[in-house]
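Here is what each chain is made of, one letter per residue.
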Amino acid sequence: MTTADLATYNFAYLDEQTKRMIRRAILKAIAIPGYQVPFASREMPMPYGWGTGGVQVTAAILGPKDVLKVIDQGADDTTNAVSIRAFFQKVANVAVTTKTRAATIIQTRHRIPEEKLTSGQTLVYQVPIPEPLRFLEPRETETRKMHALEEYGLMHVKLYEDIARNGHIATTYAYPVKVEGRYVMDPSPTPKFDNPKMHMSEALQLFGAGREKRIYAVPPYTEVVSLDFEDHPFEIQTFDKPCALCGAQDVYLDEVVLDDRGGRMFVCSDTDHCEQRCASGHRGHLAHDKEAAE
Amino acid sequence: MPHDTLAFTGGFREPVFEAQSVFRTLMDCMARPGTVGSAAVAVAPPAPLCAAVGAVALTLCDNDTPVWLTPALAASALPGWLAFHAGASVTDDRQAARFAFVEKGAMLPDPGLFAQGTQEYPDRSTTLVVEIEAFTGGRPLTLTGPGIRTEEEFAPVGLPDMFVYFRAENRQNFPRGVDLILVAGDAVLCLPRTTVVRVKEA
């Protein structure tokens, strides 16, 4: 790529003062795990809701030696992931990958890769509503006070109401967690299946909410506990079938409708994980149909 | 005055990439307290500030961040250097300072005198950047807390005996408290407010 092909922006789009402001917020966020640090979120060349928070965090930490992976619901090839990856190729000329193992920075919208992350990696979440108490208390002044006083009774009442109405905790995504025994945090709308992966993760986890102007973080080796009750302990989703393409069990599956006669299949939500397994010879019950189609 | 020209030289040569590399070192070290990173960048702040602390200052400070300096640093050409290269102003008010810089050999000020943040906004606290002699060879201290799998250890030379007490005081105010960036030569080690520092049992 010649310099003429590069967009005429600063490296990674953001100006240096913006990066410094975001970097200071990231350092404070790491120092206070689970606490939402306000930051002066900028307008990005994409609408709010498309991951502007995650994009700003990635832009502030990204360097020329990094290898970037972007996933949208576990997939590398969906619109949001493709456009954000293309954005960083254009404004930072950064190396990109779809392989979880090869990436140094993984920007994600609502999934944590199935493969265990390692200490050289940073996971950047795109967060729509960073405040876990927001739907219970709309006033920022009040939620801030609740965090200050560690007053999280309301959240337990909400989970209790789930049990009273449904017989179990019906929250399946954005399931609230307590970080290092202090702050209740929204893990972003990841399925609760992924919550246990946040606990004592080897990778640094950064969360950016662009519209809501908040950055928060979970350092490596930090306690992340999903809220629950003694008689209704936290449970993750289970699937009765393995992945139809790679036969993987104990992974998060997406339901795909195949026809208008009720045909459906369940496949890995993490496309890289599924491809790696297929490449190493694992086969699900519909894998032959896929090969025939190709 | 010879001091005046000192202010205009010795900044980053590649501001974008050098700031990014120093920040990544700081981020990794803050996320993994006790880990020693490298901030080897060719900047030349006025004496007695060392290059690595100068690099940290240029990476994090700008006109949004009032800076507190020790008497020796305030009397040097540093205020002009910071103003020219970073646009940062110097303040005497420890409560207003977002960053505080302490050169090697200077007395470590009580972190409790700096801004601690508030219970609602604990991020509004000062970050102390302190140069010491070395991370090895002194009294062994153990580190525990978020970012540390079991336990880390370091043996700083150049921190006062009061240091462990300062840290204990700091930890009590959680989530309020100051965060610490220690520098020895080109090496960096961070102690966020969450890190518990204890004297290693013999």
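Per an unreviewed UniProt entry, the recorded name for chain B is Alpha-D-ribose 1-methylphosphonate 5-triphosphate synthase subunit PhnH, and the organism is Shinella fusca.

Looking at an unreviewed UniProt entry, one finds chain A named Alpha-D-ribose 1-methylphosphonate 5-phosphate C-P lyase and attributed to Shinella fusca. The UniProt entry for chain A carries the following text under Catalytic activity (unreviewed entry): "alpha-D-ribose 1-methylphosphonate 5-phosphate + AH2 + S-adenosyl-L-methionine = alpha-D-ribose 1,2-cyclic phosphate 5-phosphate + methane + 5'-deoxyadenosine + L-methionine + A + H(+)".

Draft legend 1. Inspection of the overall build of chain B at higher detail. Counting secondary structure elements, chain B contains six helices and nine strands. A compact globule built from 202 residues would reach a C-alpha radius of gyration of about 17 Å, and chain B, at 16 Å, matches this within 12%. Along the three orthogonal principal directions, the C-alpha set of chain B runs to about 50 × 35 × 30 Å. For chain B, with 202 residues in total, the buried portion stands at 55%. For chain B, contacts bridging at least 24 residues in sequence account for 68% of all contacts bridging at least 6.

Draft legend 2. Quick peek at the overall build of chain A. Counting its secondary structure elements, chain A contains eight helices and twelve strands. The C-alpha atoms of chain A give a radius of gyration of 20 Å, which matches the 19 Å a tight globule of 294 residues would have. With respect to the three principal axes, the spread of C-alpha positions in chain A is 60 × 60 × 35 Å. With 294 residues in all, chain A has 55% of them scored as buried. Of all intrachain contacts in chain A linking residues separated by at least 6 positions in sequence, the fraction that spans at least 24 positions is 62%. For chain A, the accessible area works out to roughly 13000 Å², and carbon and sulfur atoms hold 52% of it.

Draft legend 3. Quick peek at the nonpolar core. With 88 residues, the main nonpolar core has I26 and F88 of chain A together with F101 and I181 of chain B as its most contacted residues. If sequence neighbours within four positions are ignored, I181 of chain B has contacts with L26, M30, V56, L60, T127, L128, V129, V130, V188, L189 and C190 of chain B. If you look at the next biggest cluster of nonpolar residues, it comprises 26 residues, including A97, V102, L128 and A184 of chain B.

Draft legend 4. Local environment of the domain arrangement of chain A. Residues and elements named next belong to chain A. When cut into domains, chain A gives domain 1 (3–132 + 175–226) and domain 2 (238–281). Look at where the C-alpha atoms of domain 1 and domain 2 centre, and you get two points 26 Å apart. Counting residues at the interface gives 15 residues for domain 1, matched by ten residues for domain 2. For the pair domain 1 and domain 2, the two sides together bury roughly 970 Å², of which 48% comes from carbon and sulfur. It is R111, E114 and F193 that lose the most area in domain 1 upon contact with domain 2, and together they represent 44% of the buried surface on that side. The tally of links between domain 1 and domain 2 comes to zero salt bridges. Put simply, domain 1 and domain 2 have seven residue pairs in polar contact (both at pLDDT 80 or more) between them. In terms of residue class, the side of domain 1 that touches domain 2 is made up of four nonpolar, four polar and seven charged.

Draft legend 5. Up close: the sheet that holds strand β9 (residues 196–199) of chain B. All names here are of chain B. The three strands are arranged β6-β5-β9 in an open sheet whose pairing can be described as antiparallel. In this open sheet, the two strands that pair with only one neighbour each are β6 (152–154) and β9. On average, each strand axis in the sheet is inclined to that of its neighbour by 30°, with strand direction left out of account. Across three bridges, strand β5 (residues 141–144) lies against β6 in antiparallel orientation. In the sheet register, L143 faces β6, and the bridge partner there is E152.

Draft legend 6. Representation of the interface of chain B and chain A in the model. Taken together, the 41 residues of chain B in the interface contact 41 residues of chain A. In total, chain B and chain A occlude about 3400 Å² of area from one another, counting both sides; carbon and sulfur atoms represent 61% of this. At the junction of chain B and chain A, the tally comes to five salt bridges. The shortest N-O distance in the salt bridge between D64 of chain B and R24 of chain A comes to 3.9 Å. Scanning the region where chain B abuts chain A turns up 21 residue pairs in polar contact (both at pLDDT 80 or more). Counting only elements with at least two residues in the side of chain B that touches chain A, the list comes to α2 (15–31) and α3 (51–60) of chain B. Per element, the largest residue contribution to the side of chain B that touches chain A is eleven residues, and it comes from α2 of chain B. Residues that form the side of chain B that touches chain A fall into these classes: 20 nonpolar, eleven polar and ten charged.

Draft legend 7. Up close: the side chain of S269 of chain A. All names here are of chain A. Position of S269 relative to the elements: it lies in the loop between β12 (264–268) and α7 (271–279). Engagement of the side chain of S269 in a polar contact is seen with the side chain of R111, the distance being 2.6 Å. Excluding anything up to four places from it in sequence, S269 contacts Q73, G74, A75, R111, Y252, L253 and D254.

Draft legend 8. Here's a closer look at the packing of aromatic side chains. Residues and elements named next belong to chain A. Inspection of every chain in the model, using the stated rule, returns 15 aromatic pairs over all chains. On the numbers, 5.5 Å between centres and 50° between planes, the contact of F193 with Y252 is tilted. Here F193 is found in the loop between β7 (183–185) and α6 (195–198), whereas its partner Y252 is found in the loop between β10 (224–226) and β11 (253–257), with 59 residues between them in sequence. Plain terms: the ring middles of F239 and Y252 are 5.5 Å apart, the flat faces sit at 85° to each other, and that makes the pair edge-to-face.

Procedures and definitions
- Residues numbered from 1 in each chain as written.
- Chains lettered and ligands numbered in written order.
- Predicted model: local features only at pLDDT ≥ 70, side-chain atom pairs only at ≥ 80, totals over all residues.
- Heavy atoms only, no water.
- UniProt positions renumbered as here; feature names shortened; annotations may be inferred.
- Helix = DSSP H or I, 4+ residues; strand = E, 2+ residues; numbered from the N terminus.
- Rg over C-alpha atoms; globule rule 2.2 N^0.38 Å.
- Buried < 20%, exposed > 50% of the residue type's maximum accessible area, 1.4 Å probe, protein only.
- Contact = heavy atoms within 4.5 Å.
- Areas by Shrake-Rupley, 256 points an atom, 1.4 Å probe, with all protein chains shown as cover.
- Core = buried A, V, L, I, M, F, W, Y, C linked by side-chain atoms within 4.5 Å.
- Domains from an automatic or database assignment.
- Buried area = accessible area lost by both parts, 1.4 Å probe.
- Salt bridge = Lys/Arg side-chain N within 4 Å of Asp/Glu carboxyl O.
- Polar contact = N/O pair within 3.5 Å; in protein donor to acceptor, adjacent residues only side chain to side chain.
- Nonpolar A, V, L, I, M, F, W, Y, C, P; charged D, E, K, R; others polar.
- Pairing = 2+ DSSP bridges.
- Axes fitted to C-alpha atoms, helices over the stretch in contact; angles between N-to-C directions.
- Phe/Tyr/Trp six-rings, centres within 6.5 Å; stacked < 30°, edge-to-face > 60°.

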